[in-house]
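Observations on chain architecture
Next come the chains, spelled out residue by residue.
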Amino acid sequence: MKLTIAVLPGDGIGPEVTNQAVKALKAIASEFNHNFKFTNADVGAIAIDKHNDPLPEKTLDLCKSTDAILFGSIGHPKYDNDPSAKVRPEQGLLKLRKGLGLFANIRPVKAYQTLIDKSPLKRHIIEGTDISIYRELTGGIYFGEKQLSEDGNMASDLCVYSREEIERITHLAFKAAQSRKSKVTLVDKANVLESSRLWRKVVTEIAEQYNDVTLDFLFVDNAAMQMILNPKQFDVILTENMFGDIISDEASVIGGSIGLLASASVGKKYAMFEPIHGSFPQATGKGIANPIASILSAAMLLEHFELHAEAELIKQAVDKSLKLNIATPDINTKYDNVTTGKVGEFIEDYINNPKDSNMNFTNIHLGQSTII
Ligand code: IPM
Ligand code: MG
């Protein structure tokens with residue numbers, strides 16, 4: 001298959017982790033005889049520094065002319081504590097999501113067998129967890145009108161949803177549930193918010209078209225608690241933009257590290273693949289950032305194009321790296337010298353030699369090098 005891929009590494013650890021995902025995709029292309037063409041572009045703080053714009057026109061145009069987008073992360077501390085900053089790196093990501101119509105953000109959460117004991121949550125609570133979060137991505141409070149009074153003492157952010165915005169992601173969530181455990185949980189705050197009551201009404205109506213799927217509801221405060229108390233009760237979680245942002249960071253604790261959570265953002269025409277984590281500025285350039293979320297986002301990209309065997313091979317490589325502790329310090333209690341690049345090399349090497357007999361616990365083959 002021929003695919004053109006826009007690579008938007010962004011800020012902080014974005015470039016380091018995205019590099020590893022590109023390595024994995026290149027290895028897949030060579031193993032399966034695909035033709036993947038990568039083109040880089042700037043977004044976020046780096047784009048502000050270079051072009052005075054967090055999402056330069058050129059970047060958006062590139063994204064519109066490619067088959068898929070691989071996104072790193074954005075954000076820089078110099079903007080975080082400056083409430084008066086008019087231009088912010090995050091605007092680049094938000095404009096990209098809106099500009100490409102990426103209305104559904106799919107965030108899979110699972111407990112990896114090998115990492116269960118590394119989670120701060122107890123084994124019996126998280127073992128077997130397998131959740132798919134469907135977060136609405138181009139509406140709600142993120143995109144409603146924002147106001148700051150002239151004297152700077154009053155501010156507001158409007159949360160707006162239309163029926164159509166709710167309908168389109170709801171259909172995707174129900175279809176996903178049909179090939180999973182047939183359950184959708186709508187997370188909202190319908191006891192307080194009018195927009196949540198519209199979500200309940202529309203989702204309840206649509207549920208009638210999916211008789212084989214069970215629908216239940218949770219208020220977001222309760223959902224946050226249930227996520228920690230009993231995450232196995234969830235199959236597909238459907239929710240609006242901001243609740244999805246918060247719930248998915250919380251859910252990442254189940255997997256053992258936020259550095260493991262991948263996501264796909266899809267619309268009618270375009271698709272972007274991005275780790276759920278941020279730019280982790282303190283780690284930039286230190287080689288300690290976990291590239292797995294980005295690598296698994298690359299696997300979601302392959303799945304999007306129905307390249308299932310290819311995606312499966314990446315996931316196998318990731319499983320193997322976790323099993324062998326070829327992992328960055330956030331999840332590695334055994335070795336303290338495994339860098340972002342080493343994890344990427346191992347995964348690349350596994351893809352090239354999946355049956356390599358050197359893949360064992362005492363002597364790990366890594367292309368030209370051997371560690372341990
Ligand atoms: C995410 C991030 C973004 C969001 C930020 C960087 C704007 O937290 O993708 O979850 O809030 O959507
Ligand atoms: Mg977030």
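Because the structure is predicted, anything quoted here is derived from the model rather than measured.

Parameters at a glance
Residues numbered from 1 in each chain as written. Chains lettered and ligands numbered in written order. Predicted model: local features only at pLDDT ≥ 70, side-chain atom pairs only at ≥ 80, totals over all residues. Heavy atoms only, no water. Buried < 20%, exposed > 50% of the residue type's maximum accessible area, 1.4 Å probe, protein only. Helix = DSSP H or I, 4+ residues; strand = E, 2+ residues; numbered from the N terminus. Pairing = 2+ DSSP bridges. Domains from an automatic or database assignment. Buried area = accessible area lost by both parts, 1.4 Å probe. Salt bridge = Lys/Arg side-chain N within 4 Å of Asp/Glu carboxyl O. Nonpolar A, V, L, I, M, F, W, Y, C, P; charged D, E, K, R; others polar. Core = buried A, V, L, I, M, F, W, Y, C linked by side-chain atoms within 4.5 Å. Contact = heavy atoms within 4.5 Å. Right-handed = clockwise from strand over helix to strand, strands pointing away. Phe/Tyr/Trp six-rings, centres within 6.5 Å; stacked < 30°, edge-to-face > 60°. Expected span 1.5 Å × (residues − 1). Axes fitted to C-alpha atoms, helices over the stretch in contact; angles between N-to-C directions. Parallel < 35°, antiparallel > 145°, perpendicular 65-115°, else oblique. Left-handed = near helix turned anticlockwise from the far one by under 90°. Near = heavy atom within 4 Å. Polar contact = N/O pair within 3.5 Å; in protein donor to acceptor, adjacent residues only side chain to side chain. Areas by Shrake-Rupley, 256 points an atom, 1.4 Å probe, with all protein chains shown as cover.

What follows deals with the pairing of strand β3 (residues 68–73). With six of six residues buried, β3 is to be regarded as a mostly interior element. In the sheet, strand β1 (residues 2–10) pairs with β3 via five bridges, with the strands oriented parallel. Pairing of A6 across the sheet is with I69, part of β3. Where β3 and strand β12 (residues 271–273) come together, two bridges link them in parallel fashion. Within β12, the position partnered with I69 by the bridge is M272.

This part covers the domain arrangement of the chain. With domains assigned, the chain is organised as domain 1 (1–105 + 258–372) and domain 2 (120–255). The centre of domain 1, based on its C-alpha atoms, is set 25 Å off from the matching centre of domain 2. In total, about 1400 Å² of surface goes out of reach between domain 1 and domain 2, with carbon and sulfur atoms giving 65% of it. The tally of links from domain 1 across to domain 2 stands at zero salt bridges. For the side of domain 1 that touches domain 2, the element with the highest residue contribution is helix α5 (residues 89–99), accounting for three residues. For the side of domain 1 that touches domain 2, a count of residues per class yields nine nonpolar, three polar and three charged.

The next subject is the nonpolar core. Within the largest apolar cluster, 71 residues are counted, with the highest numbers of intra-cluster contacts made by F36, L238, I314, I347 and I351. Sorting elements by how many residues they give to this core places helix α11 (residues 292–304) first, with eight residues. A domain split of this core shows at least three residues from each of domain 1 (1–105 + 258–372) and domain 2 (120–255). The contact partners of L238, leaving out residues within four places of it in the chain, are Y134, I169, T170, A173, V184, T185, L186, V187, W199 and V203. Membership of the second largest hydrophobic core comes to 21 residues, among which are L218, I247, I254 and L261.

This next bit is on the pairing of strand β2 (residues 35–40). One ladder, built from six bridges, connects β1 with β2; its direction is parallel. Opposite V7, over in β2, you have N40 as the bridge partner. Since β1 and β2 lie parallel, the crossover through helix α1 (residues 14–32) that links them has a hand, and here it is right-handed.

Another aspect to go through is the packing of aromatic side chains. Aromatic rings considered in pairs are described by the distance between their centres and by the relative angle of their planes. For the coordinates displayed, the defined rule picks out three aromatic pairs. Aromatic pair Y161 and W199: ring centres 5.2 Å apart, planes at 80°, arrangement edge-to-face. Taken as a pair, Y161 in the loop between β7 (155–157) and α7 (163–178) and W199 in helix α8 (residues 194–207) lie far apart in primary sequence, 38 residues in all. In this pair, the class of Y161 matches that of W199, namely buried.

Given a rise of 1.5 Å per residue, 13 residues ought to cover 18 Å, and the 19 Å separating the end C-alpha atoms of helix α13 (residues 340–352) matches this to within 8%. Those residues of α13 that sit buried are T340, V343, G344, F346, I347, D349, Y350 and I351.

Phi is positive for F280, close to 40°, though the residue is something other than glycine. Along the polypeptide, F280 turns up in the loop between β12 and α11. Positive phi outside glycine occurs at N325, with the angle close to 65°.

Angle between the axes and distance between the axes: these two values describe a pair of packed helices. Here α1 crosses α13 at 10°, and the two axes come no closer than 9 Å. Of the possible angle classes, the one that applies to α1 and α13 is roughly parallel. In this structure, α1 uses E16, V17, Q20, K23, A24, A27, I28, S30 and E31 to contact α13, whose residues at the interface are T340, G341, G344, E345, I347, E348, I351 and N352. Here the residues of the contact of α1 with α13 are counted per class, giving six nonpolar, six polar and five charged.

Packing of helix α9 (residues 220–229) against helix α10 (residues 241–255) leaves a shortest axis separation of 9 Å and a crossing angle of 10°. In terms of their interaxial angle, α9 and α10 are classed as roughly parallel. α9 and α10 meet at a crossing whose hand is right-handed. Along the contact surface, α9 presents V220, A223, A224, M227 and I228, while α10 presents F243, I247, E250, A251 and I254.

It is worth spelling out the site of ligand 1 at this point. Lining the immediate environment of ligand 1, one finds E90, R97, R107, R135, Y142 and D245. Measuring from an oxygen atom of ligand 1, one finds a side-chain N or O atom of R135 at 2.8 Å. Side-chain polar atom of D245 to an oxygen atom of ligand 1: 2.8 Å apart, as the coordinates give it. Expressed as a share of its isolated accessible area of 320 Å², the protein-covered part of ligand 1 is 80%. The residue makeup of the shell around ligand 1, split by class, is one nonpolar, no polar and five charged.

So, on to the sheet that holds strand β9 (residues 214–219). Ordered in space as β2-β1-β3-β12-β11-β4-β5-β10-β8-β9, the ten strands form an open sheet in which the pairing is mixed. Looking along the sheet, the strands with just one partner apiece sit at the ends: β2 and β9. For this sheet, the mean inter-axis angle between neighbouring strands, taken without regard to orientation, is 25°. Pairing of strand β5 (residues 130–136) with strand β10 (residues 236–239), which is carried by four bridges, proceeds in the parallel orientation. Along β10, the bridge assignment pairs R135 with T239.

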